[in-house]
Amino acid sequence: MKNEKLNQAYNAYVEARIPKTKPWPSLFNAFWVGGLVCLLGQGINELLLYLFPSMAEQSAWSWTLVILIFIASFLTAIGVYDKIGKFAGGGTIVPITGFSNSISSPAIEFKHEGIIYGTCVKMFSVAGPVIVSGVVASIVVGLIYFIVGLI
Amino acid sequence: MEYLWVFLIGGLICMLGQVLIITTKITSARILVLFVMIGVVLQAFNIFDPISRFAQAGVNVPIIGFGASLAKGAMSAVESRGLLGAFTGGLEATAAGIAAAVGFAFLFSLIFKSKTK
Amino acid sequence: MQTIELKNRPKIVGGYSIVGPKEGRGPFGKYFDYVMKSDSFGEKTYELAERKMFEIAATGAIQNAGLMVSDVNLMLAGDLLNQIISSSYAARAFNMPYLGMFGACSTMAESLAVGAVLINGRHLKNVVCASGSHFSTAERQFRFPLELGCQRVPTSQWTVTAAGASVLSLEGSGPEIVSVTFGKVIDLGIKDVNNMGAAMAPAAADTMAVHFEETKHKPEDYDLILTGDLGKLGSEILIDLLEAKGYKMGKNYSDCGHSFFTREQDTMCGGSGCGANAAVLNSYVLKKMRKGEVKRVLFVPTGALMSTTATQQGESIPGVSHAIVLESGGK
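Keep in mind it's a predicted model, so treat the numbers as computed, not measured. (Residues numbered from 1 in each chain as written. Chains lettered and ligands numbered in written order. Predicted model: local features only at pLDDT ≥ 70, side-chain atom pairs only at ≥ 80, totals over all residues. Heavy atoms only, no water.)

1. Remarks on the layout of surface pockets
Inference 1: Reported here for the second largest pocket is a volume of approximately 550 Å³.
Inference 2: Lining the second largest pocket are 28 residues; nearest its centre among them are Gln58(A), Trp61(A), Asn60(B), Ser69(B) and Lys72(B).
Inference 3: Of all the secondary-structure elements, those providing two or more residues to the lining of the second largest pocket are helix 2 (24-51) and helix 3 (57-77) of chain A together with helix 3 (48-55), helix 5 (63-81) and helix 6 (84-111) of chain B.
Inference 4: Partitioning the lining of the second largest pocket into residue classes produces nine nonpolar, 14 polar and five charged. (1 Å grid on protein atoms, 1.4 Å probe; cavity = no way out; pocket = protein on both sides within 12 Å on 5 of 7 lines; lining within 4 Å. Points joined across faces, edges and corners; volume = space filled by probe spheres on them. Helix = DSSP H or I, 4+ residues; strand = E, 2+ residues; numbered from the N terminus. Nonpolar A, V, L, I, M, F, W, Y, C, P; charged D, E, K, R; others polar.)

2. A short note on the nonpolar core
Inference 1: In terms of nonpolar packing, the biggest core is built from 54 residues, with Ile96(A), Phe99(A), Ile63(B) and Phe66(B) touching the most fellow members.
Inference 2: When residues of this core are assigned to their parent elements, the largest contribution, seven residues, is made by helix 5 of chain B.
Inference 3: Apart from the residues within four sequence positions on either side, Phe99(A) is in contact with Ile93(A), Ala127(A), Val130(A), Ile131(A), Leu32(B), Ile63(B), Phe66(B) and Ala101(B).
Inference 4: Core analysis: the second largest hydrophobic core is formed by 44 residues, Leu6(C), Trp158(C), Phe260(C) and Val297(C) among them. (Core = buried A, V, L, I, M, F, W, Y, C linked by side-chain atoms within 4.5 Å. Buried < 20%, exposed > 50% of the residue type's maximum accessible area, 1.4 Å probe, protein only. Contact = heavy atoms within 4.5 Å.)

3. Things to note about empty space enclosed by the protein
Inference 1: Applying the stated criterion across every chain, the model contains three cavities of 30 Å³ or more.
Inference 2: When its volume is computed, the largest cavity comes out at roughly 60 Å³.
Inference 3: Around the largest cavity, the lining residues are Glu109(A), His112(A), Lys113(B), Ser114(B), Thr45(C), Tyr46(C), Glu47(C) and Arg140(C).
Inference 4: Here the lining of the largest cavity is composed, by residue class, of one nonpolar, three polar and four charged.
Inference 5: Looking at the second largest cavity, its volume works out to about 50 Å³.
Inference 6: In terms of lining, the second largest cavity is formed by Arg143(C), Thr155(C), Ser156(C), Gln157(C), Val193(C), Asn194(C), Asn195(C), Met196(C) and Ser272(C).

4. Let's talk about the domain arrangement of chain C
All names here are of chain C.
Inference 1: For chain C, the assigned domains read domain 1 (3-169) and domain 2 (176-327).
Inference 2: Listed by partner, the interface residues are 60 residues for domain 1 and 61 residues for domain 2.
Inference 3: Carbon and sulfur atoms make up 64% of the area that domain 1 and domain 2 hide from each other, which totals about 4700 Å².
Inference 4: The tally of links between domain 1 and domain 2 comes to three salt bridges.
Inference 5: Notably, a salt bridge pairs Arg 9 with Glu 327, separated by 3.2 Å at the nearest N-O pair.
Inference 6: Between domain 1 and domain 2 we count 21 residue pairs in polar contact (both at pLDDT 80 or more) in total.
Inference 7: Looking at the side of domain 1 that touches domain 2, the elements that each hand over two or more residues are strand 1 (3-5), strand 2 (11-19), helix 1 (21-24), helix 4 (107-120), strand 6 (126-133), helix 5 (135-142), strand 7 (158-159) and strand 8 (162-169).
Inference 8: Here the side of domain 1 that touches domain 2 takes nine residues from helix 4, the largest share from any one element. (Domains from an automatic or database assignment. Buried area = accessible area lost by both parts, 1.4 Å probe. Salt bridge = Lys/Arg side-chain N within 4 Å of Asp/Glu carboxyl O. Polar contact = N/O pair within 3.5 Å; in protein donor to acceptor, adjacent residues only side chain to side chain.)

5. Brief notes about the interface of chain A and chain B
Inference 1: Listed per partner, the contact involves 70 residues of chain A and 65 residues of chain B.
Inference 2: Roughly 5600 Å² is buried in total at the junction of chain A and chain B, and carbon and sulfur atoms are behind 79% of that figure.
Inference 3: Summed over the shared surface of chain A and chain B, the result is zero salt bridges.
Inference 4: Put simply, chain A and chain B have 12 residue pairs in polar contact (both at pLDDT 80 or more) between them.

6. Some remarks on the pairing of strand 4 (residues 74-78) of chain C
All names here are of chain C.
Inference 1: Judged by how many residues are buried, strand 4 sits mostly within the fold: five of five residues are covered.
Inference 2: Burial along strand 4 is two-sided: Leu 74, Leu 76 and Gly 78 facing one way and Met 75 and Ala 77 facing the other are all buried.
Inference 3: Of the strand pairs in this sheet, strand 4 and strand 5 (residues 98-100) are connected by three bridges, and their pairing is parallel. Pairing of Leu 76 across the sheet is with Leu 99, part of strand 5. (Pairing = 2+ DSSP bridges.)

7. Brief notes about the packing of aromatic side chains
The way to describe two aromatic rings as a pair is by their centre distance and the angle between their planes.
Residues and elements named next belong to chain C.
Inference 1: Under the criterion given, the structure shown has 20 aromatic pairs over all chains.
Inference 2: Taking 4.9 Å as the distance between ring centres and 90° as the angle between the ring planes, the aromatic pair formed by Tyr 31 and Tyr 284 counts as edge-to-face. In this pair, Tyr 31 sits in the loop between helix 1 and strand 3 (34-35) while Tyr 284 sits in helix 9 (residues 274-291), placing the two residues 253 residues apart along the sequence.
Inference 3: Overall, Tyr 284 belongs to the partly exposed group, its relative accessible area being 23%.
Inference 4: Ring geometry for Phe 212 versus Tyr 222: centroids 6.2 Å apart, planes at 45°, classification tilted. Pair noted here: Phe 212 is in helix 6 (residues 196-215) and Tyr 222 is in the loop between helix 6 and strand 10 (224-227), with a separation of 10 residues, a long-range link.
Inference 5: A residue is classified by how much of its surface remains accessible, and Phe 212, at 1% relative accessible area, is buried.
Inference 6: A cation sits over an aromatic face here: Lys 22 above Trp 158, 4.2 Å from the ring centre. (Phe/Tyr/Trp six-rings, centres within 6.5 Å; stacked < 30°, edge-to-face > 60°. Lys NZ or Arg CZ within 6 Å of the ring centre and 35° of its normal.)

8. Some remarks on the interface of chain B and chain C
Inference 1: Residue-level contacts link nine residues of chain B with 13 residues of chain C.
Inference 2: Counting each side, the surface lost to burial between chain B and chain C is near 960 Å², with a carbon and sulfur contribution of 48%.
Inference 3: Taken as a group, Ser114(B), Thr116(B) and Lys117(B) account for 52% of the area that chain B buries against chain C, more than any other trio of residues on that side.
Inference 4: Linking chain B with chain C are four residue pairs in polar contact (both at pLDDT 80 or more).
Inference 5: A breakdown of the residues in the side of chain B that touches chain C according to their chemical character gives no nonpolar, five polar and four charged.

9. Some remarks on the packing of helix 3 of chain A against helix 6 (residues 96-109) of chain A
Residues and elements named next belong to chain A.
Inference 1: Where helix 3 contacts helix 6, the two axes come as close as 8 Å, and the packing angle between them is 40°. The orientation of helix 3 relative to helix 6 falls into the category oblique. In the crossing of helix 3 with helix 6, the sense of the turn from one axis to the other is right-handed. Residues Leu 65, Leu 68, Ile 69, Ala 72, Ser 73, Thr 76 and Ala 77 of helix 3 touch helix 6, and the partners they reach there are Ile 96, Thr 97, Ser 100, Asn 101, Ser 104, Ser 105 and Ile 108. (Axes fitted to C-alpha atoms, helices over the stretch in contact; angles between N-to-C directions. Parallel < 35°, antiparallel > 145°, perpendicular 65-115°, else oblique. Left-handed = near helix turned anticlockwise from the far one by under 90°.)

10. Side note on the pattern of salt bridges
Inference 1: For the structure on display, the rule yields 18 salt bridges over all chains.
Inference 2: The partner of Asp240(C) in a salt bridge is Arg17(A), with the nearest N and O atoms 2.5 Å apart. A residue pair is termed interchain when its members come from two chains, as with Asp240(C) in helix 7 (residues 231-244) and Arg17(A) in helix 1 (residues 4-17).
Inference 3: A salt bridge links Asp206(C) to Lys184(C), with the nearest nitrogen and oxygen atoms 3.7 Å apart.

Following this line, the structure appears as structure tokens:
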């Protein structure tokens, strides 16, 4: 028993009833927390280059990301990252720390289903699409770059 | 001064993510995918490096930087290795990040348990 | 006719409620029989904790009824986990026949209605009905890992950690079930899983309108009309929908989910889950009825009958709602 017209009317009615929240506080929180995470990355990067002057710039960036990923993974494990995330929203989802959190949280959550079928399988339940889409896109870019290079 | 740029640009990119969360109700997996794609596209058109030079961590820490590395890796690998580079380059350039995220997640999953909210 | 009058008036002779620590700090806190110190309840997984809650709720209700487990002829129970494992695995611990019920968050009413009909027909002597939910098990099944840093949208609700059980019998004292109305599955095309209240409100409105019509009663004939987990938005919608059908809801209407937490507990539109209405019915409502402060109650929880598979395939969310009328016994 499906009545498309009635459904549309009801959906429109519900949409109008949904409480509207002010977007500014959450946008501001996302802005300054996200900005701070990036500053932290910048700080780690410069500290690395200061401590190891011979380090290549590219390696320093890789180390920076590894350290940020470690911090996020640890904060996830001790149950703190989600609290920051609830406050900051995009501020902790968009940085690489959000990627780390999206891999760590299901890994820890599903450990009770076993290491193979729990941790290993579910680890990519959130971040899987990111890796898949990123890898596919990089192959496409590489192929186009190759073809353009031939011409 | 350069720290101000890092903060401002990093913050603005994250805020853009928040705008998407509020207006389109999309979940974190989709936001991450979208920003990776933005990074790939920026790199493919060689726009990422100029931004990266003055914004530094402001664009490299957001997942956009991850996307840019994927594309950059593929492009430079094509230059050095030809067609095979299109397949090896992306993951090679981002191997540290992916391996770290997977490795630490696995390690901590052995030690910790999800907390009650 | 969707309504069945129960001439023999089966009674709820015993009830028991058990909730998690966050729920214990809510407005109903002092009415619950047992508040757990931690959500994990000393178990290895949250699923085991939920199962233990079912066992304790059922045992507690049977004890409060002054009965032994061996006196009970049937268990009717259901929960939110896939294949209702909490109920079925808990039933394994009791040596009695068992029927698994599924009406999502309307399961308590569904179980009580079926149980009351069986008792009314004198087919069985004593029946125990139970339902419950656990935040951490529901969250990982329907939404995201607990530690994922994401924000909740304003229309979302918080699955409560709670379970409730009732024992039905013709002998003994307690509030009487005078009629039950089984509801139809209603779907007005809501697809947003973060807006369950809006998805389920039409089902509640339909069942209630049918109930009022068939029993010739009006909303003001009840001291308390209680829906399950429509939440703030859903209950506002229900009031609108019923007004359109010609029934004006008054101050006697309340929603378990909406009132389950305080504003400071930050649950957006309120609580949800089988446990919310099962625990409130078996604590607050039963106690108020025993004291005579509330005499006639219309208990009409709703359930959203979707699964993650159906949602991912783009299906809308069907709702169902069953009503039971409770009257305090004794003349």
